[in-house]
Amino acid sequence: SLRNWNDERDITPNGKDIVTPSAYNSDISSIRTDMVVARSGTPFGSTCPSEERLVKSLERSLRWLGQILRINHANVFVPIAGLLDDVARDDFATGLLEALEGSEARKLGFHSLNDGVAGYSLDPGPLKRLQQASPPESDPTSQLVDLAQTSLRPLPEGKPRLVTGCESPHDILQFIQSGLDLFDSHFAQHGPDAVAVDIGLNLYDVEHDTVFERLAESLRGGAEEDDASLTVCPCIACTPKFSSTPILHSSLDEAPADEEGPAPPLTRGYIHHLLHTHEMTAHVLLAAHNLSVLSDFFADIRAFLAEVSSAPDAEERFNEEIRKFEQQYKRPDELMRKAKVNWEEVNLARGKGRLAREKAAKATENPVEVTQHPERVLPDVVP
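Quick caveat: nothing in here was measured; it's all calculated off a predicted structure. (Residues numbered from 1 in each chain as written. Predicted model: local features only at pLDDT ≥ 70, side-chain atom pairs only at ≥ 80, totals over all residues. Heavy atoms only, no water.)

Trainee: Talk me through empty space enclosed by the protein; I want residue IDs and the actual numbers.
Mentor: Enumeration over the complete set of coordinates arrives at 1 cavity of 30 Å³ or more. As a volume, the largest cavity reaches approximately 30 Å³. Contributions of two or more residues to the lining of the largest cavity are made by α1 (21-31) and α2 (51-69). Counting residues per element, the lining of the largest cavity draws most heavily on α1, which supplies 3 residues. (1 Å grid on protein atoms, 1.4 Å probe; cavity = no way out; pocket = protein on both sides within 12 Å on 5 of 7 lines; lining within 4 Å. Points joined across faces, edges and corners; volume = space filled by probe spheres on them. Helix = DSSP H or I, 4+ residues; strand = E, 2+ residues; numbered from the N terminus.)

Trainee: Give me the pattern of salt bridges: which residues, what numbers.
Mentor: Taken as a whole, this structure holds 9 salt bridges when the rule is applied. Salt-bridge contacts for E320 lead to R323; the nearest nitrogen and oxygen are separated by 2.8 Å. With a gap of 3 residues between them, E320 and R323 both fall in helix α11 (residues 314-328), about one helical turn apart. Judged by its relative accessible area of 33%, E320 falls in the partly exposed class. Looking at R323, the relative accessible area reads 40%, which means it is partly exposed. Each of the salt bridges in this network shares a partner with another, and the network as a whole consists of D171, R331 and D333. (Salt bridge = Lys/Arg side-chain N within 4 Å of Asp/Glu carboxyl O. Buried < 20%, exposed > 50% of the residue type's maximum accessible area, 1.4 Å probe, protein only.)

Trainee: Explain the packing of aromatic side chains residue by residue, including any values.
Mentor: Going through the model one piece at a time under the given rule, you end up with 5 aromatic pairs. Arranged with centres 6.0 Å apart and planes meeting at 20°, the rings of F183 and F298 form a pair that is stacked. Taken together, the residues span a long stretch of sequence, with F183 in strand β5 (residues 182-183) and F298 in helix α10 (residues 280-308) at a distance of 115 residues. Taken as a pair, F183 and F298 share a single burial class, namely buried. (Phe/Tyr/Trp six-rings, centres within 6.5 Å; stacked < 30°, edge-to-face > 60°.)

Trainee: Quick rundown of helix α6 (residues 140-152)? Include the residues and the values.
Mentor: Counted at 1.5 Å a residue, the expected span for α6 with its 13 residues is 18 Å, and the 19 Å between its end C-alpha atoms agrees. Those residues of α6 that fall on the buried side of the exposure criterion are T141, L144, V145, L147, A148, Q149, T150, S151 and L152. Buried positions along α6 lie against α3 (86-97), β3 (119-122), α5 (125-133), β4 (161-163) and α7 (169-177). (Expected span 1.5 Å × (residues − 1). Contact = heavy atoms within 4.5 Å.)

Trainee: Account for the packing of α2 against α3, with residues named and values stated.
Mentor: Following both chains from N to C, one finds α2 and α3 inclined at 25°, their axes separated by 10 Å at the closest point. One finds that α2 runs roughly parallel with respect to α3. Once α2 is placed against α3, the crossing between them reads as right-handed. Along the contact surface, α2 presents L54, L58, S61, L62 and L65, while α3 presents A88, D91, F92, G95 and L96. (Axes fitted to C-alpha atoms, helices over the stretch in contact; angles between N-to-C directions. Parallel < 35°, antiparallel > 145°, perpendicular 65-115°, else oblique. Left-handed = near helix turned anticlockwise from the far one by under 90°.)

This is how it looks when you write it as C-alpha cells:
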C-alpha cells in the first residue's frame, strides 16, 4: 500500500488499499513526475522482523527497483533498506552494485541497478517506529546517521542523498555534517499546526492571545522599517499583499483606496485566534512563514559552506557553527509535543462531533464548557 513516508501510525485493516508494482509504475508514467522514489519492501511495524522476512524485503525492494527502471524514468531515487540491521544495509548496497546478467541486463541497459539510480533516499519513518519500541543508548538521530552511513559507504559519492522527515533544524545539521545533502520540508509543514519555527513559539498557548507583534523576531515584515538590519520575510503572514481590484459582490461594496506596498504583518494574537477557532487559514499562514524561514536556513548553510569550502579547516569551522547553533537554540521536541496536545484539545472543543460530546458530558453531569481556551476546560486530556 502507499502511505506518507513521515506517517508513523499503524494502518487499520479497513484503511489499506493494495497498490501493485505495475499500477504504481503506470501511475508514474501517466503523471510524468520530475522525480520518483522507488517502492520499498521494508516491513513497517513496532518490532524488528525476523531475519528471513528482512532478507525477503531486501530482495523485493531490489526487484521493484528493476521494474521501475524499465519505464526509463530519468530521476529515480531508491530508499536505502535494511532497517536497524547493519549487515542487511550493507547487503542491500551490495545488491545495488552487483553486475546484472542475462535478460535483466538487456532489458535495463545498465551494468548494475545503481547505474540507473539518480540518488538515494533515507526514510526515517520505519526506523523511528522501531526506536520508540526499543530506544537506542545514543541519541536517536545519531543512530539514524550511523545507519545511513553504513548503507551509503559502499555507494558512489557523486549522487544526491535525500533525507525525509527531519523533525528539527538540529537533525538537518547532523545529517549535513555526515554528508547528506537533500531534505524535504516535513519540519516546516508539520510545525504549522501550531508552531512558528524561527522563534520556537507554540501559538496555541494562551500567552499569545493578546500579543500584537509580528511572528518573527529575527525577521521583519515588508511594511516595517523599525530595524533595517533585519531581513524582510516575504511570506504572506509577515508581508501580506492585498489586491487593489477585489471582486465587488454588490453595489454596497466599495473598492479599497489604492495603497502601494505591503500591509503590516499579521500578529501572533491573530493567528492564535485562528488556531483556536479551527480556521484553515492558520495552517496556511504558518506553513508559508515556516517554509520561508526554512528557505533562509538552507541559504545561510549554502553560503557558509561556499565561503569555507577552500579553507583547510572547513570541516572544523562548520562543526563549530553547528555547536554554536545547538547552544543558542533548544531542540523543539517538547514544544512540538505540547503543541500536539493543544491541537487535540482544540479539536475536541471545536472539531467534528463537538455537539455530541457536549450532550454526552451533560448527560453524565460533567458538562464541557467551550471557551476560547479549551486547554483550561479539558484538564482530562493527557499528553
